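Spelled out, the chains give:
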Amino acid sequence: MSAREVLRANDERFVDVVARLTPEEWAAPSLCAEWSNRDVLGHLVVGCSHPVGGFLGALIRHRNFDRANTATATERARARGIDNLLDDFRAVSTRTAGVGRYFPARLLLGDHITHELDILFAVGREPDIPAQLLNAVLDTQVAFPNPFVPAYRNSQGLQLSAVDTGWRHGTTGPAVEGTAAELISVLGNRPKALPRLRGPGVETLADRVLSRLSRTAG
(Lines give C-alpha, C1' and ligand atoms only; values in the text may rest on other atoms or scores of the structure.)
Protein backbone atom coordinates (compact mmCIF):
# COMPACT_ATOMS: atom_id res chain seq x y z
CA MET A 1 0.00 0.00 0.00
CA SER A 2 1.05 3.59 -0.52
CA ALA A 3 1.72 5.81 2.49
CA ARG A 4 -1.65 7.52 2.00
CA GLU A 5 -3.45 4.17 1.87
CA VAL A 6 -1.71 3.09 5.07
CA LEU A 7 -2.82 6.34 6.72
CA ARG A 8 -6.44 5.85 5.61
CA ALA A 9 -6.49 2.24 6.84
CA ASN A 10 -5.11 3.34 10.20
CA ASP A 11 -7.71 6.09 10.47
CA GLU A 12 -10.48 3.55 9.87
CA ARG A 13 -9.04 1.33 12.58
CA PHE A 14 -8.77 4.31 14.94
CA VAL A 15 -12.43 5.24 14.51
CA ASP A 16 -13.50 1.66 15.29
CA VAL A 17 -11.40 1.75 18.48
CA VAL A 18 -12.47 5.11 19.89
CA ALA A 19 -16.13 4.67 18.95
CA ARG A 20 -16.28 2.38 22.01
CA LEU A 21 -15.36 5.16 24.46
CA THR A 22 -17.99 6.26 26.97
CA PRO A 23 -19.25 9.86 27.23
CA GLU A 24 -17.27 10.19 30.47
CA GLU A 25 -14.08 9.08 28.72
CA TRP A 26 -14.60 11.56 25.90
CA ALA A 27 -15.00 14.34 28.45
CA ALA A 28 -11.87 13.33 30.38
CA PRO A 29 -8.59 15.26 30.02
CA SER A 30 -6.29 13.84 27.35
CA LEU A 31 -2.50 13.75 27.53
CA CYS A 32 -2.49 16.96 25.47
CA ALA A 33 -2.35 19.99 27.73
CA GLU A 34 -5.69 21.81 27.97
CA TRP A 35 -7.46 19.34 25.64
CA SER A 36 -10.15 16.85 26.53
CA ASN A 37 -10.30 13.62 24.54
CA ARG A 38 -13.17 15.18 22.61
CA ASP A 39 -10.94 18.16 21.75
CA VAL A 40 -8.27 15.77 20.43
CA LEU A 41 -10.83 14.27 18.07
CA GLY A 42 -11.80 17.78 16.98
CA HIS A 43 -8.13 18.51 16.29
CA LEU A 44 -7.85 15.43 14.08
CA VAL A 45 -10.88 16.50 12.07
CA VAL A 46 -9.51 20.04 11.68
CA GLY A 47 -6.08 18.73 10.70
CA CYS A 48 -7.53 16.81 7.77
CA SER A 49 -9.91 19.49 6.56
CA HIS A 50 -9.33 23.04 7.81
CA PRO A 51 -8.69 25.56 5.01
CA VAL A 52 -5.21 27.06 5.05
CA GLY A 53 -6.67 30.57 4.99
CA GLY A 54 -8.88 29.79 7.95
CA PHE A 55 -5.96 28.58 10.05
CA LEU A 56 -3.86 31.59 9.07
CA GLY A 57 -6.73 33.80 10.23
CA ALA A 58 -6.77 31.98 13.59
CA LEU A 59 -3.01 32.39 13.82
CA ILE A 60 -3.31 36.13 13.29
CA ARG A 61 -6.09 36.44 15.85
CA HIS A 62 -4.32 34.42 18.53
CA ARG A 63 -0.74 35.46 17.67
CA ASN A 64 0.55 32.04 18.67
CA PHE A 65 0.54 28.67 16.87
CA ASP A 66 -0.42 26.62 19.92
CA ARG A 67 -3.28 28.96 20.88
CA ALA A 68 -4.56 28.99 17.29
CA ASN A 69 -4.32 25.20 17.14
CA THR A 70 -6.22 24.85 20.41
CA ALA A 71 -8.90 27.33 19.35
CA THR A 72 -9.63 25.61 16.03
CA ALA A 73 -9.72 22.18 17.67
CA THR A 74 -11.98 23.10 20.57
CA GLU A 75 -14.34 25.15 18.40
CA ARG A 76 -14.88 22.16 16.13
CA ALA A 77 -15.17 19.71 19.02
CA ARG A 78 -17.72 21.73 20.96
CA ALA A 79 -19.88 22.49 17.96
CA ARG A 80 -20.42 18.81 17.09
CA GLY A 81 -21.54 15.70 18.97
CA ILE A 82 -19.18 12.75 19.31
CA ASP A 83 -20.99 10.68 16.68
CA ASN A 84 -20.89 13.66 14.31
CA LEU A 85 -17.17 14.15 14.92
CA LEU A 86 -16.49 10.48 14.24
CA ASP A 87 -18.49 10.72 11.01
CA ASP A 88 -16.60 13.90 10.12
CA PHE A 89 -13.26 12.18 10.67
CA ARG A 90 -14.26 9.17 8.59
CA ALA A 91 -15.20 11.51 5.76
CA VAL A 92 -12.18 13.83 5.82
CA SER A 93 -9.62 11.06 6.33
CA THR A 94 -10.58 9.61 2.94
CA ARG A 95 -10.02 12.92 1.16
CA THR A 96 -7.57 15.00 3.16
CA ALA A 97 -7.92 18.70 2.36
CA GLY A 98 -6.79 22.07 3.67
CA VAL A 99 -3.68 22.09 5.83
CA GLY A 100 -3.58 18.28 5.88
CA ARG A 101 -2.66 18.15 2.19
CA TYR A 102 0.68 19.79 2.89
CA PHE A 103 1.96 17.23 5.39
CA PRO A 104 3.56 13.95 4.26
CA ALA A 105 1.41 10.92 5.03
CA ARG A 106 4.06 9.39 7.28
CA LEU A 107 4.06 12.50 9.48
CA LEU A 108 0.27 12.45 9.68
CA LEU A 109 0.39 8.76 10.61
CA GLY A 110 2.64 9.65 13.54
CA ASP A 111 0.37 12.51 14.55
CA HIS A 112 -2.76 10.37 14.43
CA ILE A 113 -1.25 7.45 16.35
CA THR A 114 0.25 9.78 18.96
CA HIS A 115 -3.17 11.34 19.51
CA GLU A 116 -4.78 7.91 19.73
CA LEU A 117 -2.35 7.18 22.55
CA ASP A 118 -3.18 10.56 24.11
CA ILE A 119 -6.79 9.45 24.32
CA LEU A 120 -6.35 5.82 25.36
CA PHE A 121 -3.55 6.23 27.92
CA ALA A 122 -5.47 9.10 29.52
CA VAL A 123 -8.39 6.84 30.40
CA GLY A 124 -6.37 3.73 31.25
CA ARG A 125 -7.06 1.82 28.06
CA GLU A 126 -4.27 -0.21 26.47
CA PRO A 127 -3.71 0.37 22.74
CA ASP A 128 -3.82 -2.48 20.20
CA ILE A 129 -2.05 -0.89 17.23
CA PRO A 130 -0.32 -3.09 14.62
CA ALA A 131 3.40 -3.44 15.29
CA GLN A 132 4.42 -2.38 11.81
CA LEU A 133 2.60 0.93 12.23
CA LEU A 134 4.18 1.62 15.61
CA ASN A 135 7.64 0.83 14.22
CA ALA A 136 7.03 3.08 11.21
CA VAL A 137 6.08 5.97 13.48
CA LEU A 138 9.17 5.50 15.62
CA ASP A 139 11.43 5.27 12.57
CA THR A 140 10.05 8.56 11.26
CA GLN A 141 10.02 10.48 14.51
CA VAL A 142 13.62 9.74 15.56
CA ALA A 143 15.03 10.24 12.06
CA PHE A 144 14.95 14.04 11.78
CA PRO A 145 13.91 17.15 13.73
CA ASN A 146 10.22 18.01 13.66
CA PRO A 147 8.99 21.35 15.08
CA PHE A 148 5.80 19.69 16.31
CA VAL A 149 7.20 16.48 17.82
CA PRO A 150 10.41 16.55 19.94
CA ALA A 151 11.15 12.81 19.51
CA TYR A 152 14.36 13.41 17.56
CA ARG A 153 15.83 15.62 20.26
CA ASN A 154 14.58 13.40 23.08
CA SER A 155 16.11 10.28 21.52
CA GLN A 156 19.63 11.63 21.01
CA GLY A 157 22.40 9.63 22.70
CA LEU A 158 20.06 6.90 23.93
CA GLN A 159 19.66 3.26 22.98
CA LEU A 160 15.94 2.70 22.61
CA SER A 161 14.25 -0.71 22.45
CA ALA A 162 10.59 -1.61 21.97
CA VAL A 163 10.19 -4.88 23.86
CA ASP A 164 6.98 -5.83 22.07
CA THR A 165 7.81 -5.06 18.42
CA GLY A 166 11.60 -5.54 18.27
CA TRP A 167 12.24 -1.95 17.17
CA ARG A 168 15.65 -0.55 18.11
CA HIS A 169 17.41 2.77 17.74
CA GLY A 170 20.90 3.90 18.71
CA THR A 171 24.07 1.94 19.41
CA THR A 172 25.64 3.99 22.18
CA GLY A 173 24.52 5.63 25.39
CA PRO A 174 22.25 4.48 28.22
CA ALA A 175 19.40 2.14 27.34
CA VAL A 176 15.65 2.72 27.57
CA GLU A 177 13.14 -0.11 27.14
CA GLY A 178 9.38 -0.05 26.88
CA THR A 179 6.60 -0.96 24.53
CA ALA A 180 6.56 0.81 21.18
CA ALA A 181 3.42 2.74 22.16
CA GLU A 182 5.00 3.89 25.43
CA LEU A 183 8.12 5.07 23.61
CA ILE A 184 6.09 7.01 21.03
CA SER A 185 4.12 8.73 23.76
CA VAL A 186 7.09 9.65 25.96
CA LEU A 187 9.35 10.71 23.08
CA GLY A 188 6.49 12.99 22.04
CA ASN A 189 6.76 14.69 25.46
CA ARG A 190 3.91 12.93 27.21
CA PRO A 191 5.28 11.95 30.65
CA LYS A 192 2.42 9.68 31.76
CA ALA A 193 4.12 6.48 30.54
CA LEU A 194 7.54 7.39 31.95
CA PRO A 195 7.08 5.14 35.04
CA ARG A 196 6.49 2.20 32.70
CA LEU A 197 9.87 2.54 30.97
CA ARG A 198 12.98 0.71 32.18
CA GLY A 199 16.73 1.12 31.91
CA PRO A 200 19.53 3.46 32.94
CA GLY A 201 18.57 6.00 30.26
CA VAL A 202 15.09 6.65 31.67
CA GLU A 203 16.37 9.37 33.99
CA THR A 204 17.98 11.22 31.07
CA LEU A 205 14.84 10.91 28.98
CA ALA A 206 12.67 12.06 31.89
CA ASP A 207 14.85 15.13 32.41
CA ARG A 208 14.44 16.08 28.74
CA VAL A 209 10.69 15.57 28.70
CA LEU A 210 9.99 17.32 31.98
CA SER A 211 12.36 20.23 31.34
CA ARG A 212 10.70 20.91 28.01
CA LEU A 213 7.27 20.84 29.63
CA SER A 214 8.44 23.26 32.28
CA ARG A 215 9.69 25.72 29.65
CA THR A 216 6.41 25.43 27.75
CA ALA A 217 4.37 26.03 30.89
CA GLY A 218 6.47 29.08 31.71
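Scoring rules and cut-offs
In every chain, residue numbers begin from 1 and rise along the written sequence. Under the rules for a predicted model, residues below a pLDDT of 70 receive no local features and side-chain atom pairs below 80 are neither given nor counted, while totals for whole chains, interfaces and linings still include all residues. Side-chain metrics rest on all non-hydrogen atoms present in the structure, leaving aside hydrogens and water. Secondary structure follows DSSP: runs of H or I at least 4 residues long count as helices, runs of E at least 2 residues long count as strands, and numbering of each begins at the N terminus. The criterion used for residue contact is that any of the two residues' heavy atoms lie within 4.5 Å. Note on areas: Shrake-Rupley with a 1.4 Å probe; residue coverage comes only from the protein chains shown. Axes here refer to lines fitted to C-alpha atoms; in helices the fit is confined to the stretch in contact. Angles between the N-to-C directions go from 0 to 180 degrees. If an angle is under 35 degrees, it is roughly parallel; if it is over 145, roughly antiparallel; if it lies from 65 to 115, roughly perpendicular; otherwise it is oblique. Handedness of a crossing is defined here by the sense of rotation of the near helix relative to the far one, left-handed for an anticlockwise turn of less than a right angle and right-handed for a clockwise turn. The residue classification treats Ala, Val, Leu, Ile, Met, Phe, Trp, Tyr, Cys and Pro as nonpolar and Asp, Glu, Lys and Arg as charged. All others, Gly included, are polar. Think of a salt bridge as a Lys or Arg side-chain nitrogen and an Asp or Glu carboxyl oxygen that are within 4 Å of each other. Exposure is judged per residue with a 1.4 Å probe applied to protein chains only, and the accessible area is read against the type maximum: over 50% gives exposed, under 20% gives buried, and values in between give partly exposed.

Q: Help me out: how do you make sense of the overall build of the protein in this one?
A: From N to C terminus, the protein includes eleven helices and three strands. When its helices and strands are written in sequence order, the protein yields α-α-α-α-α-α-α-α-α-β-β-β-α-α. Restricting to contacts in the protein with at least 6 residues of sequence separation, those with at least 24 account for 64%. Element-wise, carbon and sulfur atoms account for 53% of the exposed surface of the protein, whose accessible area totals about 10600 Å².

Q: Can you help me understand the packing of helix H8 (residues 131–141) against helix H10 (residues 180–187) in this one?
A: Relative placement of two packed helices is described by the angle separating their axes and the distance separating the axes. Between H8 and H10, the shortest axis-to-axis distance is 9 Å and the interhelical angle comes to 30 degrees. With respect to H10, the element H8 is oriented roughly parallel. By crossing handedness, the relation of H8 to H10 is classed as left-handed. Packed against H8, whose contacting residues are Leu134, Val137, Leu138 and Gln141, the element H10 presents Ala180, Ala181, Leu183, Ile184 and Leu187 at the interface. Its residues placed into classes, the contact of H8 with H10 shows eight nonpolar, one polar and no charged.

Q: What am I meant to see in the pattern of salt bridges here?
A: For side chains of opposite charge, pairing can occur when their charged atoms come near one another. Across all of its chains, the model carries eight salt bridges by this definition. Residues arginine 90 and aspartate 87 are paired through a salt bridge, measuring 2.9 Å at the closest nitrogen-oxygen approach. Here arginine 90 pairs with aspartate 87, and both are found in helix H6 (residues 82–94), just three residues apart, close to one helical turn. Using a relative accessible area of 38% as the deciding quantity, one classes arginine 90 as partly exposed. A relative accessible area of 44% places aspartate 87 in the partly exposed class. The shortest N-O distance in the salt bridge between glutamate 126 and arginine 196 comes to 2.9 Å. Within this pair, whereas glutamate 126 is found in the loop between helix H7 (105–122) and H8, its partner arginine 196 is found in the loop between H10 and helix H11 (202–217), the two being separated by 70 residues in sequence. Several salt bridges share partner residues, and in doing so they unite Glu126, Glu182 and Arg196 into one network.

Q: I tried to follow H8 on my own but got confused; where do I start?
A: Two residues of an α-helix separated by three or four positions point the same way, owing to the 3.6 residues in each turn. Taken as a whole, H8 has its buried residues at Leu133, Leu134, Asn135, Val137, Leu138, Thr140 and Gln141. If you follow the buried residues of H8, they end up packed against helix H1 (3–18), H7, helix H9 (151–155) and H10.

Q: Where do I start with unusual backbone geometry in this structure?
A: Trans peptide bonds make up the majority, and among non-glycine residues the majority have a negative phi. Positive phi, close to 75 degrees, is recorded for asparagine 189, a residue that is not glycine. For asparagine 189, the location among the structural elements is in the loop between H10 and H11. The class for asparagine 189 is buried, based on a relative accessible area of 9%.

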